[in-house]
Amino acid sequence: MAAKQPGEDERSEDQRGGFLVRLREFKPKEVFTWQLAKTLAMGQGLAGLICGTAVSSQYLAAEFHLNAPMLQSFLNYTLLCATYTSMMICRRGDGNILQILKRRWWRYLLLGLVDVEANYTVVKAYQYTTLTSVQLLDCFIIPVLMILSWWILKTRYRLTHYVAVCLCLLGVGAMVGADLLAGRDQGSTSNILLGDGLVLLSAALYAVSNVSQEYTVKNLSRVEFLGMIGLFGTVISTVQMVILERNELSNIIWSWQVGLLLAAYALCMYALYSFMPIVVKMSSATSVNLSLLTADLFSLFCGIFLFQYNFSGLYLVSLVVILLGFIIFNAVPTPTATATSSSSSSSSSICEEGCYENPGATEDDSNRDEDPGRIPTEVEEEDEERRADKTDSSRSFREETDGDRTVEHSI
């Protein structure tokens, strides 16, 4: 057994003492802030919107045998285009749509393609693999998001963030276990390998889209992001819908129920796309996607009443664990390298402004500042000597003038 070094016990005691000090200084009010509560509430609102899209899609597939994911995406992108692209057309200057298209049209074309295919591949995956595989592999978006945020956005995560992510993924595992116990392992098994690959591809595409969204809304404009996504998403989804879903569109049996469900899906997706940039700007894309992990749980709770799903207590455990991980992740800020460099550059610029802030300083002032040997007592003595010399000279001058006056008077 190796002998301990002399300073190891002292270091361990200091670490324990430091931990106890940090534990005593912990203030819940600094962690559970209004900002955190607002982010949590808005994130769960987004999860509720995803639940609305899932329930309406399941009704369309189960009751009316309508499987047209591109048609549903087309309706969403059309609403975005009608709203936000029209706003960009009415703008003037650099925010006008023509100016933006001249500078970076190809970037938004690629981003629109990524977003459309992310929505399409995840829906297509349900035709080849099981629901359990989709729920598990869809969490692949979290590590991809963290890698892209570290690489592109220069986000620096701490140990607490990794622990929080693992806690959220543990909650997803509890949800999948509850599904298996309840016998809800639905889906197809026609080509599991292809289906799992589509889920992973969709998660990677969603990660790219969300990181691009975070960068755009924090550096450019939310309206610009949604307007460009609506414009290019409408064009791409229209072309893809005509090519891939011609037969499904011709076989649709239209009724007011089908129209109502399609409208509900489109409105939920439109609200999700409209409000998600706001939450992303308040927190981050990774934080929002951690919050969206509860969307499957909301869908399950709705399915208990709508589709007679079996209830399991693990669903509640999963919900609590995911929310706890989300709170821990947002309780500790995620510093970025750009923010650190900008703060250091701003401090240096402030220093430079302070150094050149007084251009009217004289040479005497500068020499006085540069002479470190001068002390206040010596300065006071010199001032007193100057005042004494002035009084002596004025006294002698006064005596000379009085003498002249007496001579003139005697003459």
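The notes below deal with the structure included here. This one's a predicted model, so the numbers in the text were calculated from it and none came from an experiment.

### Topic: the overall build of the chain
Here comes step 1: Across its full length, the chain carries 18 helices and zero strands.
Here comes step 2: Classification of the 411 residues of the chain by burial places 38% in the buried group.

### Regarding helix H12 (residues 256–282)
Structurally, the α-helix is built with 3.6 residues per turn, so residues lying three or four positions apart point the same way.
Here comes step 1: For H12, spanning 27 residues, the distance from its first C-alpha to its last is 39 Å, which sits close to the expected 39 Å at 1.5 Å a residue.
Here comes step 2: Remark: the principal bend of H12, roughly 30°, maps to Phe-275, with a proline, Pro-277, within the next four residues.

### Let's talk about the environment of Leu-136
Here comes step 1: When you line up the elements, Leu-136 lands in helix H6 (residues 131–137).
Here comes step 2: In the structure, Leu-136 is positioned 40 residues away from Val-176 in sequence and 7.4 Å away in space, judged by C-alpha atoms.

### What about the pattern of salt bridges?
Here comes step 1: In total, this model carries two salt bridges according to the counting rule given.
Here comes step 2: In this structure, Glu-224 engages Arg-104 in a salt bridge whose closest nitrogen and oxygen atoms are separated by 2.9 Å. Placement of Glu-224 in helix H10 (residues 222–244) and of Arg-104 in helix H5 (residues 97–125) is noted, with a sequence separation of 120 residues between them. There is no split in this pair, since Glu-224 and Arg-104 are both buried.
Here comes step 3: Salt-bridge contacts for Lys-218 lead to Glu-214; the nearest nitrogen and oxygen are separated by 3.0 Å. Residue Lys-218 and its partner Glu-214 are both found in helix H9 (residues 192–219); the two are separated by four residues, about one turn of the helix.

### So, the nonpolar core
Here comes step 1: Leu-46, Met-228, Ile-229, Tyr-273 and Val-288 are the most contacted members of the largest nonpolar core, which totals 42 residues.
Here comes step 2: Of all elements in the fold, only helix H3 (34–63), helix H4 (69–90), H5, H10 and H12 reach the threshold of two or more residues within this core.
Here comes step 3: Among the elements that take part in this core, H12 stands out by supplying eleven residues, more than any other.
Here comes step 4: Residues contacting Met-228, with those up to four places away along its chain left out, are Met-88, Ile-97, Ile-100, Leu-101, Tyr-108 and Gly-233.
Here comes step 5: Within the second largest apolar cluster, 31 residues are counted, among which are Ile-141, Ile-142, Tyr-157 and Val-172.

### Some points on the packing of H4 against H10
Here comes step 1: In contact at an axis separation of 7 Å, H4 and H10 are set at 140° when each is read in the N-to-C sense. On the basis of their axis angle, the class for H4 and H10 is oblique. Remark: the crossing between H4 and H10 carries left-handed chirality.
Here comes step 2: Residue composition of the contact of H4 with H10, by class: 15 nonpolar, nine polar and two charged.

The rules behind these values
- Residues numbered from 1 in each chain as written.
- Predicted model: local features only at pLDDT ≥ 70, side-chain atom pairs only at ≥ 80, totals over all residues.
- Heavy atoms only, no water.
- Helix = DSSP H or I, 4+ residues; strand = E, 2+ residues; numbered from the N terminus.
- Buried < 20%, exposed > 50% of the residue type's maximum accessible area, 1.4 Å probe, protein only.
- Expected span 1.5 Å × (residues − 1).
- Bend = angle between axes of the 7 residues up to and from the residue.
- Salt bridge = Lys/Arg side-chain N within 4 Å of Asp/Glu carboxyl O.
- Core = buried A, V, L, I, M, F, W, Y, C linked by side-chain atoms within 4.5 Å.
- Contact = heavy atoms within 4.5 Å.
- Axes fitted to C-alpha atoms, helices over the stretch in contact; angles between N-to-C directions.
- Parallel < 35°, antiparallel > 145°, perpendicular 65-115°, else oblique.
- Left-handed = near helix turned anticlockwise from the far one by under 90°.
- Nonpolar A, V, L, I, M, F, W, Y, C, P; charged D, E, K, R; others polar.

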